[in-house]
Amino acid sequence: MGAHPKQKISRSRQGNRRRHHFLQTPQLMSCPTCGEKKRTHFVCPNCGMYKGRQVLDMDRQMRRERAAQQEAEQ
Ligand SMILES: [Zn+2]
């Protein structure tokens, strides 16, 4: 016999252990720049702004996405 639990874990202890095993919905807020819903502490995927600063070059990203679409179509 290998390692074996000495005592049965009661349903209440089992539930206590699993109390954190739930899914959380991501924290959402509306972007102060464009008003779209975005995750808190994340760069806005719509306008690429974070804390009033342009973080992502949206033109570049659009071009990249278009190129990817064209590749997918071919
Ligand atoms: Zn935005």
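In this text the structure is predicted, and so the values were computed from the model without any measurement. (Residues numbered from 1 in each chain as written. Predicted model: local features only at pLDDT ≥ 70, side-chain atom pairs only at ≥ 80, totals over all residues.)

Novice: Please explain the overall build of the protein as it appears in this structure.
Specialist: Counting secondary structure elements, the protein contains two helices and four strands. Since a compact globule built from 74 residues should have a radius of gyration of about 11 Å, the 23 Å found for the protein marks it as more spread out than a globular shape. Across its three principal directions, the C-alpha atoms of the protein cover 65 × 40 × 15 Å. Relative to its full complement of 74 residues, the protein shows a buried share of 3%. For the protein, long-range pairs separated by at least 24 residues make up 0% of all intrachain contacts whose partners lie at least 6 apart in sequence. (Helix = DSSP H or I, 4+ residues; strand = E, 2+ residues; numbered from the N terminus. Rg over C-alpha atoms; globule rule 2.2 N^0.38 Å. Buried ≥ 20, exposed ≤ 12 C-beta atoms within 10 Å, placed from the backbone. Contact = placed C-beta atoms within 7 Å.)

Novice: Which parts of the structure should I look at to understand the environment of A72?
Specialist: Locating A72 in the fold gives a position in helix α2 (residues 58-73). A72 gets classed as exposed once you count the C-beta atoms within 10 Å, which come to 7. For the pair A72 and N46, spaced 26 residues apart in sequence, the C-alpha separation works out to 22 Å.

Novice: Sorry, what's going on with the confidence of the model for the protein here?
Specialist: It should be kept in mind that the predicted coordinates are not to be read in detail where pLDDT is low. Residues at a pLDDT of 70 or more form 99% of the protein, whose mean pLDDT is 86. Mean pLDDT across the elements of the protein ranges from a minimum in α2, with 74, to a maximum in helix α1 (residues 11-17), with 96. (pLDDT = per-residue confidence, 0-100.)

Novice: Please explain unusual backbone geometry as it appears in this structure.
Specialist: Excluding glycine, most residues fall at negative phi; most peptide bonds, likewise, are trans. A positive phi angle is found at H41, which is not glycine, with a value near 65 degrees. Mapped onto the fold, H41 is located in the loop between β2 (37-39) and β3 (49-50). Since 9 C-beta atoms lie within 10 Å of it, H41 is described here as exposed.

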